[in-house]
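# Descriptive analysis of the structure
The lines below spell out each chain.
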Amino acid sequence: MKVRSIIFMAALFTAMNVCGQTQVIAHRGYWDKEGASQNSRASLRNALDLNVYGSETDIWITVDGHLMVNHDPSFGGVTLQTSTYEQCKDLTLSNGEKMPELKEFLQMMKDTKSATKLIIEIKKHDKPEANRAAARATVKAVNEYGVAERVEYISFSLDVCKELVRCAPKARVAYLSGDITPAMLFNDGITGIDYHLDALRKNPHWVAEAHGLKMDVNVWTVNEVAEMAEMKKLGVDFITTNKPLEAIEVCREK
Ligand code: MG
C-alpha cells in the first residue's frame, strides 16, 4: 500500500471514530452545545462536524403528510400527528430555529461531506395507518433526496419496522422496544436490535445471537462513562448517547 493511501486510511478511520467494534450515535443530534437544541438543524450540523457514526432524530407525520422532526408527541400545545403542517411550521425550538421538516435534514445529508449517517426514528403514532404512512413517506423522501445509503431506521413500533423492511428492503432497520429476541426479529427481515441498557444487561446473550444473524446491536441512551465502557465490553456495535464526546473517548480506549 502506498504511503498516501495509508495516510488516507488512517485519517478516515480517525474521522469515523472507528474504535474496535463500537461506534457512537448522537441521540437527537449533538445538541449539548451552545446554540443547539435537541432535533434541531444545529444539532445535526454539530453531529456531522463531529463525524460520529450517526445522528439520531425523531419523526412524526402530520395529517397532511408532512414529516416533522420532534421527539415528543406534542410541542407548544400542538400534537403533531393530529395537526397540519400549517399548524406545526412556526413552532420555535429553544435555540430559536423553527421546527425542521425531515426534508431539510435530508438536504443537509445530501450536501455534507461528513460520513455521519442519519438514524431516523419513526415515532409510534396512535393509529396503525399513521405508522405505516410515516414509514412509507419517510422512505419515499429518503429516496427522492438520493441519500438511502446514508440513512438507517429505528422504531419502537414493530408495524413501522415491518413496513420499512417492505418499502426499503436494503435498508438497516432496528427495533427499539427491547422485548423481542433477535432471532424473532430476523424472521421479519429486521436487521438490528436497538435496546435500552437494562434490556441488554438482562439478556447479554442477545449480543452474540444478533451478531450470529449478522444483525447490529445498538444500545440507548448511555450517558455515563462507566456504562459506556460496560456496553463496549459487552460487544455492542453502537452506543446512542447524549454525550458523544465522552463516548468517542471510551470507544478509543484500548
Ligand atoms: Mg429517538
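Remember, predicted model here, so these are calculated numbers, not experimental data.

Let's shift gears to the coordination of the magnesium ion. In this structure, Glu56 (OE), Asp58 (OD) and Glu121 (OE) serve as the protein donors to the magnesium ion, at separations of 2.0 to 2.1 Å. Here the donor residues of the magnesium ion are spaced in sequence according to E-x1-D-x62-E. One end of the pair, glutamate 56, is in strand 2 (residues 54-61); the other, glutamate 121, is in strand 6 (residues 117-122), and 65 residues separate them in sequence. A residue is classified by how much of its surface remains accessible, and glutamate 121, at 5% relative accessible area, is buried.

Applying the stated criterion to the full structure yields one cavity of 30 Å³ or more. Here the largest cavity is characterised by a volume of approximately 100 Å³. In terms of lining, the largest cavity is formed by 16 residues, of which the most central are Glu152, Ile154, Ala174, Asp216 and Asn218. Of all the elements in the fold, those that place two or more residues in the lining of the largest cavity are strand 7 (151-155), strand 8 (173-175), strand 9 (192-196) and strand 10 (216-220).

Now for the layout of surface pockets. Counted as a void, the largest pocket has a volume near 230 Å³. Together, 15 residues line the largest pocket, and Ala148, Glu149, Val151, Lys170 and Ala171 are the ones closest to its centre. Looking at the lining of the largest pocket, the elements that each hand over two or more residues are helix 5 (128-144) and strand 7. In this structure, the second largest pocket encloses a volume near 180 Å³. Lining the second largest pocket, in full, are Gly65, His66, Leu67, Glu101, Leu102, Lys103, Ala137, Lys140, Ala141, Glu144 and Tyr145. By residue number, the principal contributor to the lining of the second largest pocket is helix 5, which donates four residues.

All right, on to the packing of helix 5 against helix 6 (residues 158-167) then. Look at helix 5 against helix 6: their axes get within 9 Å of each other, and the N-to-C directions meet at 35°. By crossing handedness, the relation of helix 5 to helix 6 is classed as right-handed. Two secondary-structure elements touch here, helix 5 through Pro128, Asn131, Arg132, Ala135, Arg136 and Val139 and helix 6 through Asp159, Val160, Glu163, Leu164, Arg166 and Cys167. Here the residues of the contact of helix 5 with helix 6 are counted per class, giving six nonpolar, one polar and five charged.

The subject of this paragraph is the confidence of the model for the protein. The pLDDT averaged across the protein works out to 94; a share of 92% of its residues lies at or above 70. Counting contacts from residues 11-20, a segment whose pLDDT is below 50, to residues more than four positions away or on other chains yields 16 contacts.

Take lysine 162: it is sitting in helix 6. Once the C-alpha coordinates of lysine 162 and threonine 191 are considered, the two residues, 29 residues apart in sequence, prove to be 11 Å apart.

It is at 11 Å that the axes of helix 2 (residues 41-50) and helix 4 (residues 102-111) come closest, and there the two elements cross at 25°. When the axes of helix 2 and helix 4 are compared, the pair comes out roughly parallel. Along this stretch, helix 2 crosses helix 4, giving a crossing that reads as right-handed. Here helix 2 contributes Arg41, Leu44, Arg45 and Leu48 to the contact with helix 4, which in turn contributes Glu104, Phe105, Met108 and Met109. For the contact of helix 2 with helix 4, a count of residues per class yields five nonpolar, no polar and three charged.

A few words now on helix 9 (residues 205-212). Every buried residue of helix 9 is accounted for by Trp206, Val207 and Ala210. Along helix 9, the residues classed as buried sweep out an arc of 105° about the axis, all on the same side. In helix 9, those exposed residues whose orientation departs by more than 90 degrees from the buried face are Ala208 and Gly212. Note on helix 9: the residue one or two positions beyond its end, lysine 214, has a positive phi of about 60°.

Rules used throughout
Residues numbered from 1 in each chain as written. Predicted model: local features only at pLDDT ≥ 70, side-chain atom pairs only at ≥ 80, totals over all residues. Heavy atoms only, no water. Donors = N, O, S within 2.8 Å, 3.2 Å for Na, K, Ca; no water. Helix = DSSP H or I, 4+ residues; strand = E, 2+ residues; numbered from the N terminus. Buried < 20%, exposed > 50% of the residue type's maximum accessible area, 1.4 Å probe, protein only. 1 Å grid on protein atoms, 1.4 Å probe; cavity = no way out; pocket = protein on both sides within 12 Å on 5 of 7 lines; lining within 4 Å. Points joined across faces, edges and corners; volume = space filled by probe spheres on them. Axes fitted to C-alpha atoms, helices over the stretch in contact; angles between N-to-C directions. Left-handed = near helix turned anticlockwise from the far one by under 90°. Contact = heavy atoms within 4.5 Å. Nonpolar A, V, L, I, M, F, W, Y, C, P; charged D, E, K, R; others polar. pLDDT = per-residue confidence, 0-100. Parallel < 35°, antiparallel > 145°, perpendicular 65-115°, else oblique. Arc of directions from axis to C-beta.

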